Amino acid sequence: MSSTYHFLPWAREGLANRLRAPEPDEDPRRGHVTVSASLNEEPLGEVDVAMLGPGDVTGLAPHQVLRTDPPPGTLGFEPDHYPTLDLDSPTLPWLFTPLPPAADRLPPWLCLVAVRQQPGVRLRTDGLRNTTVLEIGAPADARLELPDLTHSWAWAHVQLVGALAPGESAAQVLRQAPERTVARLVCPTPLRPDARYHACLVPTFAVGRAAGLNLPLPDGTGPAWTSTDQEVTLPVYHHWEFSTGAGHSFADLVRALRFRPAPEGVGRRPFDLAGSGLTAPAGATPLPAFDGALVRPGSGHTDPPAWVRQALAPLVGTGPGSAAPLYGGEHAGRRSVPPGDPGWLAELNLDPRYRGVAGLAAAVVRDRQEDLVAAAWQQAGDVRPVNKLLATSDLATTVNSTLHARRLTGLPADGLTLTQLTAPLGLTAGAGVVTTTAYRRVSRRRGPIARRAAPPAPVTVAPADVAALTSALEPARTVKQRVASRLTGATGTDQPDRVRIAPAFPTPMAGELARLAPQFLLPGADRIPPDSVVALETNPRFVAAFLAGLTAELASELRWRDFPLADRATLFQHFWDRRGQSGDGTPDVPPIDQWPADRRLDKVVTGDPARLVLAVRGELLRRHPRTAVYAVRAASRTVPADETVAGTVAYPIFGGALGTDLRYFGFDLTQDQATGRTDAPGWFFVFAEQPTETRFGPPPTGDPLAGAGVTAAEVARRTLRLPLRVLIHAADLLTAD
């Protein structure tokens, strides 16, 4: 993992690129530019234009601040690093500087300072002017807290991310790809260990300081403070707080980690049937221990004793005499399960450990039932009016069928009476020719045909027309046509008797379990020593049982609340949190009704049944939450493969946290693959400082400003801290003492 950076000492655009030194009669507090102008195509010659300067600025839009290092509220920031602040606009630090560059050096109109919190230092809000003010007075000394402004040009630069394409210039990137650019301000003040700081964005020119404090503007372009000022008051455009630590650098914290196998008892806890109502026969084998969602690699699985299955089978079912619910029975099309059943349904329902997991899931649903039910109704949309219409249509069909049988059945076979009674159907789309106005006019008993016929002969209707008309009057057809005209996508014989919904909840439920009962996500987590990295595995049986329990409990709740739930709907398929990870969003389990009846619980999950998980407990990830954790294929037992080659890097597919100091990362790797047993020579696990977030600090040797012609770009290069990374082979992690 690497990035290419380009540093520029400053950047300007538009008229600011043409700023010149002010003439003796011009205001030096503003930038000046000479432009050519014309009026009605008549040239006016050259016109001197004054630009806005630092004295015209009293605040900064918050959205301009993209990132700070350290982040606000950080504890234990490395004192050998420089605080930095990134701005969205690459030209902003020099936008109001009233001077042209000199020898490729251009002082910014604002800078970043870090002032130690101590007596005499105060950050207050000026309510009258709605501004923040930094005050440094005795016993504090501003000479020790503020940087030297004569070198302000060195501590602001522009960063371009990514290599330049052939023929591409930095100016083109600035204009056409602003997402690749950022302006950065660096605070070079040395930091003390174990101290708390105010980081503040302040003006560098005296005129900017006066404008922010609502004071009379001074003449000239003098600095906001000098190296001899012991007391200074400054307006603040942006600020945050952080504290430093001692011995808490990234390297120190990584060195403190111990890579070791998971201690005995991690991932497993005793399981007691006392109080369950199940009585073990004399001399019976006790129930095996309970395994959490994360377990030690190779911990294995032991089936419950036969007497447990025999005792539970009569109690579990969906009938009126059942004492316990049958989880997954609806999806499997079963109402009970025999003790000898070899499939997942028996393992889920006749093993008390996984019945307990399903019960945990039910507790999660009960805890969040209002939110879950509301989300289900939101997915259902306007289905309630539709179902009300369909229910009303069922009643209308029944009533009209009775009227049809009583009033129309048995009418004369000639069909004339039938056509006359149903004249209004001539206005409907379902009417035939025999119901039209013209037909009724010529076929009436004293109509023109009847008068001219001798002897008068009855006009009959063809049997086919009578049958067509009778069919058109069938309530089952007419009511359905009326309902279909008000529904979309539910017409004819495809019209449902009730619209049913299968809501889906893609939220990963491991977080809900960790919130409600973290001791079951990773039993024995307290046995993992501080500053440890251990390898674990996912428990697919736990995952499948938990998701099945979630679906069963919420389905019961939704039906109780008259939610039109689709039959055999699987409501939860996601357990591990894959958001923001490299996983493709594949569910952890397929729909429950697709689980093969003869498979065990660990065989119904998607993909490899047990994935390798790296658990980290310690200060590293708490103090450096953006640490990159990933795996690299090994070229040999001691050398990683080239990360630029496709297929050599594996990023976590899911992750999560337990408490504040334990995080876990799941990989699409098995233990045998990682250690090299089946994928020689195996994989390395990597801990690396975030490579896409540049950090700066004093160089190991020498003055970063030394040398003739040094620019801010060169200072940035000299003070850039390359990201540190640590690699350990999976075999060492899984076998080390």
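That block above? That's the structure.
It should be emphasised that the depicted structure is a prediction, and the values quoted were computed from it without experimental measurement.

Peer 1: In this structure, what is going on with the overall build of the protein? I would like to understand it.
Peer 2: Within the protein, the regular secondary structure consists of 22 helices and 28 strands. Looking at the protein as a whole, 47% of its 737 residues qualify as buried. Considering only residue pairs separated by 6 or more positions, the protein has 71% of its internal contacts joining residues 24 or more positions apart. When the accessible area of the protein is evaluated, it comes to approximately 35,400 Å², of which 53% is carbon and sulfur surface.

Peer 1: I keep staring at the packing of aromatic side chains and nothing clicks. Help me out?
Peer 2: In this description, a pair of aromatic rings is defined by centroid distance and the angle of the planes. Counted according to the given criterion, the structure contains 21 aromatic pairs. Between tryptophan 344 and tryptophan 595, the aromatic rings sit 4.9 Å apart at their centres with planes inclined by 80 degrees, giving edge-to-face as the arrangement. Pair noted here: tryptophan 344 is in helix α7 (residues 344-350) and tryptophan 595 is in the loop between α18 (540-560) and β20 (612-617), with a separation of 251 residues, a long-range link. Judged by its relative accessible area of 1%, tryptophan 344 is buried. When its relative accessible area of 5% is taken as the criterion, tryptophan 595 is described as buried. Counting every residue linked through ring pairs, the aromatic cluster contains Phe271, Phe290, Phe520, Phe542, Phe546, Phe575, Trp576, Phe654 and Tyr664.

Peer 1: Even after reading the chapter, I still don't get the pairing of strand β11 (residues 181-186), so can you show me in this structure?
Peer 2: Each regular strand shows side chains that alternate between the opposite faces of the sheet. Most of β11 sits out of view: 6 of its 6 residues are buried. Pairing analysis gives 5 bridges linking strand β10 (residues 156-161) to β11, with the strands arranged antiparallel. Paired with alanine 156 across the bridge in β11 is leucine 185.

Peer 1: Mind showing me how you'd approach the sheet that holds strand β13 (residues 232-236) here?
Peer 2: Within a sheet, adjacent strands bond to each other through the backbone by hydrogen bonds, running parallel or antiparallel. Strand order in this open sheet of 3 strands is β8-β9-β13, and the pairing throughout is antiparallel. Of all strands in the sheet, those with a lone pairing partner are β8 (121-126) and β13, marking the two edges. On average, each strand axis in the sheet is inclined to that of its neighbour by 25 degrees, with strand direction left out of account. Pairing analysis gives 5 bridges linking strand β9 (residues 131-136) to β13, with the strands arranged antiparallel. Each residue of the ladder has a partner; that of glutamate 135, found in β13, is threonine 233. On top of the sheet, helix α3 (residues 206-213) reaches β9 and β13; it is set at about 70 degrees to β13, its chief contact.

Peer 1: Just to check I follow, could you spell out the nonpolar core for this structure?
Peer 2: In globular proteins that are soluble, nonpolar side chains generally tend to be buried together. Counting 80 residues, the largest nonpolar core has Phe546, Phe575 and Trp576 as its most contacted members. Among the elements that make up this core, the one with the highest residue count is α18 (11 residues). Once you skip the residues sitting within four places of it in the chain, phenylalanine 575 turns out to touch Ala293, Pro508, Met509, Ala510, Leu513, Leu521, Phe542, Val543, Phe546, Leu547 and Asp588. The next biggest cluster of nonpolar side chains, apart from the first, holds 34 residues, and it includes Leu8, Ala11, Leu106 and Ala183.

Conventions and cut-offs
- Residues numbered from 1 in each chain as written.
- Predicted model: local features only at pLDDT ≥ 70, side-chain atom pairs only at ≥ 80, totals over all residues.
- Heavy atoms only, no water.
- Helix = DSSP H or I, 4+ residues; strand = E, 2+ residues; numbered from the N terminus.
- Buried < 20%, exposed > 50% of the residue type's maximum accessible area, 1.4 Å probe, protein only.
- Contact = heavy atoms within 4.5 Å.
- Areas by Shrake-Rupley, 256 points an atom, 1.4 Å probe, with all protein chains shown as cover.
- Phe/Tyr/Trp six-rings, centres within 6.5 Å; stacked < 30°, edge-to-face > 60°.
- Pairing = 2+ DSSP bridges.
- Axes fitted to C-alpha atoms, helices over the stretch in contact; angles between N-to-C directions.
- Core = buried A, V, L, I, M, F, W, Y, C linked by side-chain atoms within 4.5 Å.

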